[in-house]
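Residue-level listing of the chains:
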Amino acid sequence: MNTEIAKLDSFKNEFLSFQLGEEEFCLEILKVQEIRGYAGVTSIANMPDYIKGVANLRGEVVPILDLRIKLQCEQVEYNEFTVVIILNLGGHHLGIVVDGVSDVIALNADQIKDLPEMLSCIDTRFMTGVAIIDSQTVVLLDIEKLLNKDELDAVVNQSVH
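We now turn to the structure provided with this report. (Residues numbered from 1 in each chain as written. Predicted model: local features only at pLDDT ≥ 70, side-chain atom pairs only at ≥ 80, totals over all residues. Heavy atoms only, no water.)

### Concerning the pairing of strand E10 (residues 127–133)
Part 1: Burial within E10 is extensive, with five of its seven residues counted as buried.
Part 2: Where E10 and strand E11 (residues 136–141) come together, six bridges link them in antiparallel fashion. Paired with Val130 across the two strands is Val139, which belongs to E11.
Part 3: Hairpin geometry of E10 and E11 is characterised by an intervening segment of two residues between the two adjacent antiparallel strands and by a positive phi of about 50° at Asp134. (Buried < 20%, exposed > 50% of the residue type's maximum accessible area, 1.4 Å probe, protein only. Helix = DSSP H or I, 4+ residues; strand = E, 2+ residues; numbered from the N terminus. Pairing = 2+ DSSP bridges.)

This is the structure we're talking about:
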């Protein structure tokens, strides 16, 4: 069992599950601030392609990252189910665009398994494990590994100026 999973101990932790294409992912619910419809994103020049722009969140400028582009998944399509999950990562707010939000799930550490060698469309550096819930495999995403601190600071600072 890897160290990220070991940190969960034996008590249940809650995760928000969401979809990217045909894949089901989840992230720690404690990092989620709110869920909003995808709208009102302002493009910013010279940003990486996975940064869709910024949004106004009650007076705060929040960078919006498209998770499909960042994880190099299939073509992105926006529809009425597309949402933005607003995260609080160490005092920085960041929005991630996903295809839809499913549920809040509680998992014990023993329900979380190490990653298989070949999995999905994404780089396993961003994952902490997988869980099987009602015969469906859910990938646990380590959202803070998607952007390292320097990259997150650069995105936040550039979007504010």
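After that view, the rundown keeps rolling.
### With respect to the packing of aromatic side chains
Part 1: All told, the structure shown has two aromatic pairs when counted by the stated rule.
Part 2: Plain terms: the ring middles of Phe18 and Phe25 are 5.9 Å apart, the flat faces sit at 20° to each other, and that makes the pair stacked.
Part 3: The exposure class assigned to Phe18 is buried, which follows from its relative accessible area of 0%.
Part 4: Overall, Phe25 belongs to the buried group, its relative accessible area being 0%.
Part 5: With 4.8 Å between their ring centres and 15° between their planes, Tyr38 and Tyr78 make a pair best called stacked. Of this pair, Tyr38 sits in the loop between strand E3 (32–37) and strand E4 (51–57) while Tyr78 sits in the loop between helix H2 (67–70) and strand E6 (83–89), placing them 40 residues apart in sequence.
Part 6: Over the ring of Tyr50 we find Lys70, and its NZ or CZ is 4.4 Å from the ring centre. (Phe/Tyr/Trp six-rings, centres within 6.5 Å; stacked < 30°, edge-to-face > 60°. Lys NZ or Arg CZ within 6 Å of the ring centre and 35° of its normal.)

### Focus on the sheet that holds strand E5 (residues 60–66)
Part 1: Taken together, five strands build an open sheet; the order of strands is E3-E6-E7-E5-E4 and the sheet is mixed. Among the strands making up the open sheet, the edge pair consists of E3 and E4. Geometrically, the sheet is characterised by an average inter-axis angle of 30° between neighbouring strands, direction not taken into account.
Part 2: Sheet topology places E4 next to E5; six bridges connect them, and they run antiparallel. Of the residues in E5, the one forming a bridge with Leu57 is Glu60. (Axes fitted to C-alpha atoms, helices over the stretch in contact; angles between N-to-C directions.)

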